[in-house]
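Okay, here's what each chain looks like letter by letter:
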Amino acid sequence: MQKTNLNTKDAWSAVLGEIETQISRPNFLTWLKQSELLKTDDKSGVATVSLPNNFAREWVKNRYHKLILGSLRNLDGSIKKINYVVVSSSQPVSLKKQKNVFKPSSSLIDTQTDPKTNLNPRYKLDSYVVGQSNELAHAAAHAVIKHVGKRYNPLFIYGKVGLGKTHLIQAIGNEITKTYNNNVHVLYVTSEKFINDVVWAIRNRRMEDTKKKYRNIDVLIIDDIQFIGGKTATEQEFFHTFNALYEQNKQIILSSDRPPAAIPTLEERLRSRFEGGMVADISYPDYETRLAILKNKVVANAWNVEEKILETIATKVQNNIRELEGVINRVMFYQEFKNEKINDKRLEKIIGETTLPSSKKISADFVINTVAEFFELSVADLTKRSRKREIVEPRQICMYILRDTLKLSYPHIGEQLGKRDHTTAIHACEKITKAINNDSGLNQKVMLIKERLYK
Amino acid sequence: MKLILLKSNLLNALKSVERAVGNGSRLPVLQSIHCAAAKKNSKIVFTATNLEIAIQHTIQGKVLEEGNIIIPFSILYSIINSLVAEKIQIEQKNKTITITADNYEATINIGELEEFPIIPTISNTQVALKIKTEDLLESISQALTATQYSEIRPEINGIFFLYDNQQLTLVGTDSFRLVEKTIEQNKTRSALENGTSFIVPLQTMETVLKIIKDGEVEILIDSNQALFRTENKQLITRLVDGAFPDYKLIIPKENETEIFLERSEFINAVRTVKTFSGRAHDVVLQIEKKVLEVRSAESTLGENTYRIPIRTKGKQQKIEISFNWHYLLDGLRMYKGDEIILGLSGAEKPVMIKNQEEQQLIYVVMPIRV
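Residues numbered from 1 in each chain as written. Chains lettered and ligands numbered in written order. Predicted model: local features only at pLDDT ≥ 70, side-chain atom pairs only at ≥ 80, totals over all residues. Heavy atoms only, no water.

Trainee: Can you break down the environment of Tyr214(A) residue by residue, with the values?
Mentor: Residue and element names in this part refer to chain A. Tracing the backbone shows Tyr214 in helix α8 (residues 207–215). Judged by its relative accessible area of 1%, Tyr214 is buried. Excluding its chain neighbours within four sequence positions, the residues that come into contact with Tyr214 are Leu187, Val189, Lys193, Phe194, Asp197, Leu220, Thr241 and Leu245. A polar contact of 2.7 Å, which involves the side chain of Tyr214, links it to the side chain of Asp197. (Helix = DSSP H or I, 4+ residues; strand = E, 2+ residues; numbered from the N terminus. Buried < 20%, exposed > 50% of the residue type's maximum accessible area, 1.4 Å probe, protein only. Contact = heavy atoms within 4.5 Å. Polar contact = N/O pair within 3.5 Å; in protein donor to acceptor, adjacent residues only side chain to side chain.)

Trainee: Describe the domain arrangement of chain A, naming the residues involved and giving the relevant values.
Mentor: Residue and element names in this part refer to chain A. Domain boundaries assigned for chain A yield domain 1 (8–91), domain 2 (132–282), domain 3 (289–354) and domain 4 (364–453). Distance between the C-alpha centres of domain 3 and domain 4: 28 Å. Note on domain 3 versus domain 4: buried area summed over both sides is about 430 Å², and carbon and sulfur give 37% of it. Summed over the three residues of domain 3 that lose the most area to domain 4, namely Arg290, Thr315 and Gln318, the buried surface amounts to 72% of that side. In this structure, the connection of domain 3 to domain 4 is made through zero residue pairs in polar contact (both at pLDDT 80 or more). Classifying every residue of the side of domain 3 that touches domain 4 by side-chain character gives no nonpolar, three polar and two charged. (Domains from an automatic or database assignment. Buried area = accessible area lost by both parts, 1.4 Å probe. Nonpolar A, V, L, I, M, F, W, Y, C, P; charged D, E, K, R; others polar.)

Trainee: Run through unusual backbone geometry, naming residues and quoting values.
Mentor: All names here are of chain A. Residue Asn153 is joined to Pro154 through a cis peptide bond whose omega torsion reads -5°. Tracing the sequence through the fold places Pro154 in the loop between α5 (135–146) and β4 (155–159). Backbone geometry at Asn249 places phi at a positive 60°, although glycine is not the residue there. Here Asn249 is to be found in the loop between α9 (232–247) and β7 (251–256).

Trainee: Would you mind going over the interface of chain B and chain A in detail, with residue names and values included?
Mentor: Facing 36 residues of chain B, the contacting portion of chain A comprises 29 residues. Summed over both partners, the interface of chain B with chain A buries about 3,000 Å², with 64% contributed by carbon and sulfur atoms. Here chain B is connected to chain A by zero salt bridges. Along the contact surface separating chain B from chain A lie three residue pairs in polar contact (both at pLDDT 80 or more). Per-class residue counts for the side of chain B that touches chain A are 20 nonpolar, seven polar and nine charged. (Salt bridge = Lys/Arg side-chain N within 4 Å of Asp/Glu carboxyl O.)

Here it is in structure tokens:
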């Protein structure tokens, strides 16, 4: 008999295919459907077959043994004996053996939010990376922790999405709880929760409870306060709560995605109160800060990543720290679970997938216009043959942006900006790419222009 | 085969094996039972299986001719159940059996003997545990109090048997509450090594409760099966594959505050107050000084409060804690004593219910987080 080198899976489906024709369908489904050939040992000639339960084992062993042995031997003449074992077919769930089932208690640990303060202990001040962009906010936070309710009240922090507002204000809460050994009652709520509480209280005529809940607090932290704009009853309740807390020198910390003056539907009296304390902004982080954030994350998770990859990510992902973390997470995923070597192409793809560019279509003309407008030049200035310093830099920035965001070809870029040679465009892009990491002024300019582009 | 049987014996046997008769959707023969008669000891064995468990019930009768046959269960059962005669004769003729009693006669087509599953046997023939039926049944039903069938966690779809320190402990949990019952050392005899454990599926446990009645139960186990055996019945089942959670972690070692109160009054309070509980089935317990307040409120209905005087021990603290009232009542009803002890350690921590007189029984329930 010729010996064929089939793998066990193929061999077993061949055997089952043969047996299926010889026994009745219900019998086949009941006894053999879930069987598997686990292994064959060439030396001893023993094949091991798994069955879902003891009944099937007894049945197959006593009734189908000859059939199975016969067909197995047709495939592999060396098999002399079959061992039948029971492998319970219970779902793979049972593999998670050490998982704690006591959900209600473990959920406390899982989500990790402190039920009393609503703060997530994950947010720590130590892990907050300080750079130029958030220095002021960070300093204000420290002052607030030292002098709760006395220094900057309210503390109003604003910045665009994904720049770390929530991290900072939760960290303040955590730090206060730690510093004052729980003697200070901190409460963190999102403005949505606050609105819901007020709506619930109005509906159930339980306003007093809600009032009591919010006015017996030493430090009230409300995230994304801009959402209460335009909700009259909530604004009113918040106004009174605000006053009540403020008069008792209780600390109020607020965050928003824009400065108080820019929240369109906010009532005047609230706006003036918000501006009465400390308004600190968090702007886009510079290259160093971004790199530091990435490195922190890598160290905290004990990951092993090439320096170069981090640098590339920090260079490419500029507008959002959350995206920054998203990219590094995915890079790690590819590296650890898929065992893939991350090359430039792969990295480019991950960044492209994670960071969603604005859906807005941007044309080359629009870029040139925006750059010209930013530097208070005319489009003609940019395209004419002048080599004045104050025009050369904007022109080079323009080329860089065309290349970096629109991915235009160098000849095309040269063409667009006054029929220049493609080598000029290459030179400009290389120069800016290099300079941008060392010159924060330049970086700032590029960032602001991009911001305008995507507005 | 030719037999003469007492109707009551036969009916008993049929009632026992009924719980293992399959629905036949896959294998029609599972709707039938196997009947084997031996002349030597005049024993007739009835067997049914659904491939999860198999039940065998042995009765005495007059065996005139030996044999093995496969009888459709539901027909046989409904005939025997409605007959009034005391003696019943069963006789096989080729592919049929004839059932004769006083003035009644029926002929039933029987199944193929070769198609009936082979009942697995336990490889380890040493008796692992021997225990009085009433002790085992009481413990099982107590442990079942805290269980619920769960699709996601097969490892807790069973009662955990642990033999340690010469004692047998049964544990049941649905992850929200837990019962630990220890059977006193002198009530079990065991050949097991300390630290041996296994998990018996919930359906098996319920079946054991229903069919095993008196005397002593012997339990035999091997790597993936267990056998429960009494004088005339035996039940073989698979065991749950997987590791039972480390339940000891969830039982509080010490309670900050213990409160003592009358069990019947507490049950009455929860039963009354629950009328107003919402969709989460929540009732609130509030302990302050010497009073336990049980209350519930529902915005569209109203609210109510029941006050019970209590004694406390340990840390004096004001605690407000919410529970699913089903879980509370289940726990309270499991005990027999007059006084109940509630062990608390804060509003988010599991609560222990126990009783001075029933030290071997512990009920732990998780509060609802509000």
